[in-house]
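Breakdown of the fold
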Amino acid sequence: MDTNVEASARTVMERCEILGGYSEEPGMLTRRFGTQPMRQVNERVAAWMHDAGMTARRDNAGNLVGRYEASSAGARTLLLGSHLDTVRDAGKYDGPLGVLTALACVQLLHDRQERLPFAIEVFAFADEEGLRFHSSYLGSKAVAGTFDPATLRLADSEGITLAEAMRAFGGNPDLLHASKRDGSDLLGYLEVHIEQGPVLESLNLPLGVVSSIAGQSRISVYFSGEAGHAGTVPMSLRRDALCAAAEFVLAVETLGRSLPGLVATVGQITAQPGASNVIPGMVTLSLDVRHQEDAVREQACRQLQEQASSIGAARRVSASWQPLQPNRMVPCSPRLTQLLARAIEAAQYPVYSLPSGAGHDAAALSDLTEIAMLFVRCKSGISHNPAESVELEDVAAAIEVLEQFLLLLAKE
Ligand SMILES: [Zn+2]
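Residues numbered from 1 in each chain as written. Predicted model: local features only at pLDDT ≥ 70, side-chain atom pairs only at ≥ 80, totals over all residues. Heavy atoms only, no water.

Any two of four tetrahedral donors ideally make an angle of 109.5 degrees at the metal, while pairs among six octahedral donors ideally make 90 or 180 degrees. In this structure, H83 (NE2), D94 (OD) and H193 (NE2) serve as the protein donors to the zinc ion, at separations of 1.9 to 2.2 Å. All donors of the zinc ion come from a single chain, and their spacing in sequence reads H-x10-D-x98-H. Within this pair, whereas H83 is found in strand β3 (residues 76–83), its partner H193 is found in strand β5 (residues 186–194), the two being separated by 110 residues in sequence. Each of the two residues, H83 as well as H193, counts as buried. (Donors = N, O, S within 2.8 Å, 3.2 Å for Na, K, Ca; no water. Helix = DSSP H or I, 4+ residues; strand = E, 2+ residues; numbered from the N terminus. Buried < 20%, exposed > 50% of the residue type's maximum accessible area, 1.4 Å probe, protein only.)

So, about the pairing of β3. Among the eight residues of β3, seven are classified as buried, and the element is accordingly described as predominantly covered. Looking at chain direction, β3 and strand β4 (residues 118–125) are connected through eight bridges and run parallel. Bridged to H83 within β4 is F125. On the question of chirality, the crossover connecting β3 to the parallel β4 by way of helix α3 (residues 96–111) is right-handed. Bridging between β3 and β5 involves four bridges; their strand directions are parallel. Across the sheet, T77 pairs through a bridge with L186, a residue of β5. (Pairing = 2+ DSSP bridges. Right-handed = clockwise from strand over helix to strand, strands pointing away.)

Our focus in this paragraph is the packing of aromatic side chains. One pass over the full model with this rule turns up six aromatic pairs. Centroid distance F33 to F169: 6.1 Å. Interplanar angle 45 degrees. Geometry classified as tilted. Highlighted residues: F33 in the loop between α1 (3–20) and α2 (36–51) and F169 in the loop between α5 (162–168) and β5, separated in sequence by 136 residues. Residue classification places F33 among the buried residues on the basis of a relative accessible area of 1%. Grouped by ring-pair contacts, the aromatic residues F33, F133 and F169 constitute a single cluster. Over the aromatic face of F169 sits the side chain of R58, whose NZ or CZ is 4.4 Å from the ring centroid. (Phe/Tyr/Trp six-rings, centres within 6.5 Å; stacked < 30°, edge-to-face > 60°. Lys NZ or Arg CZ within 6 Å of the ring centre and 35° of its normal.)

The structure is reproduced here in structure tokens:
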């Protein structure tokens, strides 16, 4: 392994630690959009961008953008990056690893005083997880020009609207259209991210090339029966909403297991009135369905909706179904993905392609330009958890591959 690359990986690991120290909550890592810790990590990363010979600016949505100029004026631009916000009680690598490996590659170019025939912009997105306003890809949607202005009226748990938070952070919600990146000079967007799953580890591989980002349906399902006294209403006369929901949860699991590639999850459930001596009259549950093919996902949702109705009907419980905006499947660019595979071969790692079950900023940016993603193995597939962990060697491998990718792209 190249000693420069190893030193560079060490720096990335140290910087992940440093950024992991900026949190809203003591004893755990939580960094939401527009907060003081977000401001602090932006300042730290901007300083590192300057060290790497980049200019750094913050756009109206609160994204940080570093730019490393090309060897000649009027050249095209490659976008790299990921996000700096986190979930609650997060790990240190989901997001920052992508920003910092990109930065590490620019630093290596700068150290060699090397310019490429294209410019590089490193994006550190302000809000991917949507923890504060429950709206994902806020930062990357602003850059892609697909930001829905109605989102600005969403309020956080303290009643502060997104528009207010954006202003307080130094951005301008009225000028969000100015954050849209012009796509005409772009070569594409490449994001490095931890896998957030166990596949690479199980195959003993440091890296994977993402083939596509799975589509996702999120649905609120309601079962409405009749609350009653747990001691006096005979079993045969009950309309127990929670029993219907329980049957439905198992139907979701059965369908998920029966179709290859389908994942279906009930992650939240509430029963009302919610007392030990009362038959549950009303249940609300969340349903999350994902597959690499939109048609399979949509068919699975239709099938589950029918099952909810028939399970309810048999129990005299009504079932209703409220889908939230689905995310369609996003294919990665064949051109960039092939180039990435060649870069992995050039760095002498095995090429392995896998779909992403999780959503990423790359999905939002696919509305602007071609996208590709490189996954880095993470320990036991654990993510969105303080136990999130990556190996130094794997980070070095990612930097090496990203460097090779830049060289191959420069030759094209
Ligand atoms: Zn992420």
